[in-house]
Amino acid sequence: MPDPVLGVSEKILPAYRGRFAPSPTGPLHLGSVVAALASFLDARAAGGTWLVRMEDLDPPREVPGAASDILHTLENLHLFWDETVVYQSRRSDAYAEALDKLAQQNLLYPCHCSRLQLAGQIVYPGTCRKLAMHSSQGAAIRCEVWPQLLAFTDRLQGHYQQQLETDVGDFVLLRKDGWFAYQLAVVVDDGWQAVTDVVRGCDLLDSTPRQIFLQQRLGLPQPRYAHIPVIINQQGQKLGKQQFARPVDAQAASQVLWRALDHLLQTPDPRLQQEHPSIILEWAVQHWQPDMLQGHGEITEHP
Ligand code: GLU
């Protein structure tokens, strides 16, 4: 019998599960702390579970020691996760299984095009589309898309849509160097970890339709999405390793949390900076107002 007070939907809704999914390409900088904190606060304010997943699927870009450095920094910031950290480098079987499922739907083909051949092309022209999967030795594997509008409503950025074939084109799921692509791994793991809410930087907004496309093909539920602004420096560049963004000082946890909250437009009282990280986080969970970020794609770093 449906509960007359709660209604049916509230009873069957899965409990909130959120995640922070850093790539271990360097220490956390302000931009990545902002993403970690936003997903943490959103999960805690909903009484949900918060996970950390290490997206270590790109060895050429990884920095030795960065994964443990990131985890230590999160601990210093009192951003404690709830379940064992998942390392994508140990999940190859699951990604291979997903690839197999897509192959059975005749969606995949090997692509032998070189970087040089594709230079300057934003949308893959479909050169290898006719190739059969048995010639995939040493090739990348692409997923075929077709003229289809993929739209979703982001909690912060509102309506977003892409016409996959003309905006993105057939995309890579297995790289030539043998590593699984981010788009596949993220979908498989969000599904496997039963993630209900993805809170991450706006730089991934344009990846989301591809991820929804894969969720549909793999029969996985679609999480809710909230894309928070990326932090840019005074020159307008996104903070990241490429711009040599300064790592946050994990020893100054209270100041780092306060700055991250300030950049998340949560207007923290300056006096909070003197408090212990756990007090700051308690305040931040109680006062979490994601709507302050509505429509903001970028926020410029300031002291
Ligand atoms: N690993 C990705 C990054 O560090 C984030 C992936 C995601 O949140 O979906 O940019």
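Notes on the structure follow.

Definitions and limits used
Residues numbered from 1 in each chain as written. Predicted model: local features only at pLDDT ≥ 70, side-chain atom pairs only at ≥ 80, totals over all residues. Heavy atoms only, no water. Helix = DSSP H or I, 4+ residues; strand = E, 2+ residues; numbered from the N terminus. Rg over C-alpha atoms; globule rule 2.2 N^0.38 Å. Buried < 20%, exposed > 50% of the residue type's maximum accessible area, 1.4 Å probe, protein only. Contact = heavy atoms within 4.5 Å. Areas by Shrake-Rupley, 256 points an atom, 1.4 Å probe, with all protein chains shown as cover. Lys, Arg positive; Asp, Glu negative; His and termini not counted. Charge placed at Lys NZ, Arg CZ, Asp CG, Glu CD. Near = heavy atom within 4 Å. Polar contact = N/O pair within 3.5 Å; in protein donor to acceptor, adjacent residues only side chain to side chain. Nonpolar A, V, L, I, M, F, W, Y, C, P; charged D, E, K, R; others polar. Phe/Tyr/Trp six-rings, centres within 6.5 Å; stacked < 30°, edge-to-face > 60°. Disulfide = S-S within 2.5 Å. Salt bridge = Lys/Arg side-chain N within 4 Å of Asp/Glu carboxyl O. Axes fitted to C-alpha atoms, helices over the stretch in contact; angles between N-to-C directions. Parallel < 35°, antiparallel > 145°, perpendicular 65-115°, else oblique.

A few words now on the overall build of the chain. Helices and strands together make up the secondary structure of the chain, namely 10 helices and 12 strands. For 303 residues, the compact-globule formula gives about 19 Å, and the C-alpha radius of gyration of the chain, at 20 Å, lands near that figure. Here the C-alpha coordinates of the chain stretch approximately 65 × 60 × 35 Å along the principal axes. Burial statistics for the chain: of 303 residues in total, 50% are counted as buried. Within the chain, residue pairs in contact and separated by at least 24 positions form 75% of the contacts whose partners lie at least 6 positions apart. Carbon and sulfur atoms make up 53% of the accessible area of the chain, which amounts to about 15,000 Å² in all. If you average the places of the 25 positive and of the 33 negative side-chain charges in the chain, the two averages end up 5 Å apart.

Take the site of the ligand next. Surrounding the ligand, one finds Arg 19, Ala 21, Pro 22, Ser 23, Glu 55, Tyr 182, Val 186, Arg 200 and Leu 204. One of the side-chain nitrogen or oxygen atoms of Glu 55 is found 2.7 Å away from a nitrogen atom of the ligand. For the ligand, whose unbound accessible area comes to 300 Å², protein coverage reaches 78%. Counted by class, the shell around the ligand contains 5 nonpolar, 1 polar and 3 charged residues.

This part takes up the packing of aromatic side chains. For the structure shown, the criterion picks out 6 aromatic pairs. On the basis of an interplanar angle of 65 degrees and a centroid distance of 6.0 Å, the ring pair of Phe 152 and Tyr 160 is categorised as edge-to-face. No difference in accessibility class separates Phe 152 from Tyr 160, as the two residues are buried. Here a set of aromatic residues connected by ring pairs shows up, and it is made of Trp 146, Phe 171 and Phe 213.

As a further point, take the state of the cysteines. Summed over all chains, the structure comprises 0 disulfides. In this structure Cys 113 is not part of a disulfide, and its nearest cysteine sulfur, from Cys 128, lies 3.7 Å away. You can call Cys 113 buried: its relative accessible area is 8%.

The subject of this paragraph is the pattern of salt bridges. Within the structure shown, the criterion is met by 18 salt bridges. Residue Arg 53 pairs with Asp 190 through a salt bridge whose shortest N-O separation is 2.9 Å. Placement of Arg 53 in strand E2 (residues 49-54) and of Asp 190 in helix H7 (residues 182-192) is noted, with a sequence separation of 137 residues between them. An identical accessibility class is assigned to Arg 53 and Asp 190; each is buried.

The next subject is the side chain of Glu 301. For Glu 301, the position within the fold is in the segment after strand E12 (298-300). Judged by relative accessible area, which is 16%, Glu 301 ranks as buried.

With that out of the way, let us pick up the environment of Ile 122. When you line up the elements, Ile 122 lands in the loop between helix H5 (115-118) and strand E5 (140-143). Between the C-alpha atom of Ile 122 and that of Gly 169, which follows or precedes it by 47 residues, the distance is 8.5 Å.

For Val 230, the location among the structural elements is in strand E11 (residues 230-232). A relative accessible area of 12% means that Val 230 is categorised as buried. Taking the C-alpha atoms as reference, Val 230 lies 8.9 Å from Ser 32; in sequence the two are 198 residues apart. Val 230 has contacts with Gly 201, Cys 202, Asp 203, Lys 238, Gly 297, Glu 298 and Ile 299, leaving out every residue within four places of it along the chain.

This part is about the packing of helix H2 (residues 30-45) against helix H9 (residues 253-263). The contact between H2 and H9 brings their axes to 9 Å, and the two run at 80 degrees. Considered as vectors, H2 and H9 are oriented roughly perpendicular to each other. Where H2 abuts H9, its residues Leu 30, Val 33, Val 34, Leu 37 and Leu 41 lie against Val 256, Leu 257, Arg 259, Ala 260, Leu 261 and His 263. By residue class, the composition of the contact of H2 with H9 is 9 nonpolar, 1 polar and 1 charged.

Just geometry here; none of it tells us what the structure is for.
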